[in-house]
Amino acid sequence: MRLAIEIVAIYSLYITGVTIILKRYGKKDTLPMIVAAGAIPVLVVVSFFEAIFLMVFRSAPRVRPCPEGLDVAEMIVERHRQEMFGGETQHPKFAFEWARVYALTLERETKTVKNFARSFLPVA
Amino acid sequence: MIDNIGGWLQHNLIVFIAVILLPIKFTIVRLCRDQEAESVAVLAVPEDLCYVSLGLIAGDMINGAGAFHRHYAPSTHASIDLVIVVGLNLFVAVFVHRLSQICTAQFKLWRAAQKAMNADKDSKQGELALPNESDNLQLLMNRHFLLFCIGYAFQFTAVLLWLNWVAKIIAEP
């Protein structure tokens, strides 16, 4: 009971913090984002168990192809960050990593298909 | 009734901090109308809680009849136990600070992505405009905000677990 009360108290602090941040700096869709931010701690716990489930029952998660122009958009965001807050340029890697993981997934799938085909068709 | 509420809050230290101390901090920063300091104050809350707990432990250690002295009284090396408790608190503070650095970086990137979304587009660009620009910026904005929230929530979780343990010892009869 005591721990439950404490979790509620700390969770309310988290919600207060995120609400202040969104009210002060959010440009649009403030209310839906507050609701989404409130659900994130629950989603993190659910995602943890989902990840375990996927690890047990499936070999690897499906990866969508990286959207075109994401690397350029990242550079634009980085430029704005530097203008607003200063500091050294940090080279964003999200788009690069996404494309790399997608390429690896394709390679793995190709290998699986090749092995499958080889078991049926004679190799020239 | 006030006495009852006061007594209950004394025995529920975390609730006391959440209900009394931190709203006062938010109100004071708000009253000062310092917009940039507001985000710093809000992002520093979990770290503040670490130092509140360190203050509680240090204050209790100075008092010979304090809760931590009583808790470790049966131990043959009580003073080493107390030093370990302070060391653990410092470890939690370092962990929370590292998370706070990541969280602040994501917060800045989220604000930069918002600014990029709302920046005026050059109509002369025509076909040279970037592909899927607004979709990509929206994706990056959501990603940075999500990572910020996860980092912030993890900081609070670490602090909650630590404060829960400290509060339990302090509330021991």
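Bear in mind the structure is a predicted one, so any value in this text is a computation, not a measurement. (Residues numbered from 1 in each chain as written. Chains lettered and ligands numbered in written order. Predicted model: local features only at pLDDT ≥ 70, side-chain atom pairs only at ≥ 80, totals over all residues.)

J.: I tried to follow helix α1 (residues 2–25) of chain A on my own but got confused; where do I start?
T.: Since the α-helix turns once every 3.6 residues, residues separated by three or four places project in the same direction. Counted at 1.5 Å a residue, the expected span for α1(A) with its 24 residues is 34 Å, and the 35 Å between its end C-alpha atoms agrees. Buried within α1(A) we find Glu6(A), Ala9(A), Ile10(A), Leu13(A), Tyr14(A), Gly17(A), Val18(A) and Ile21(A). (Helix = DSSP H or I, 4+ residues; strand = E, 2+ residues; numbered from the N terminus. Expected span 1.5 Å × (residues − 1). Buried ≥ 20, exposed ≤ 12 C-beta atoms within 10 Å, placed from the backbone.)

J.: Hey, could you run me through the nonpolar core in this one?
T.: General note: in soluble globular proteins, nonpolar side chains tend to be found buried as a group. Counting 52 residues, the largest nonpolar core has Val77(A), Ala113(B), Cys149(B), Tyr152(B), Phe156(B) and Val159(B) as the members making the most contacts within it. Residue assignment for this core shows that the elements contributing at least two residues are α1 and α3 (70–85) of chain A together with α2 (13–31), α3 (35–43), α4 (45–62), α5 (67–71), α6 (78–118) and α7 (133–170) of chain B. Among the elements that take part in this core, α7(B) stands out by supplying 16 residues, more than any other. Setting aside chain neighbours within four positions, we find Ala113(B) in contact with Val77(A), Leu137(B), Leu140(B), Met141(B) and His144(B). (Core = buried A, V, L, I, M, F, W, Y, C linked by C-beta atoms within 7 Å. Contact = placed C-beta atoms within 7 Å.)

J.: I keep staring at the interface of chain A and chain B and nothing clicks. Help me out?
T.: On the side of chain B, 38 residues touch chain A, which itself brings 34 residues to the contact. Secondary structure elements with two or more residues in the side of chain A that touches chain B: α1, α2 (30–57) and α3 of chain A. If you tally residues by element for the side of chain A that touches chain B, the top one is α1(A), at 15 residues. For the side of chain A that touches chain B, the per-class residue count stands at 24 nonpolar, four polar and six charged. (Nonpolar A, V, L, I, M, F, W, Y, C, P; charged D, E, K, R; others polar.)

J.: How should I be thinking about the environment of Val96(B) in this particular structure?
T.: All names here are of chain B. Tracing the chain through its elements places Val 96 in helix α6. The exposure class assigned to Val 96 is buried, which follows from the 24 C-beta atoms found within 10 Å. The sequence separation of Val 96 and Glu 172 amounts to 76 residues, and the corresponding C-alpha distance is 27 Å. With sequence-adjacent residues up to four places away left out, Val 96 is seen in contact with Pro 46, Glu 47, Cys 50, Gln 155, Ala 158 and Val 159.

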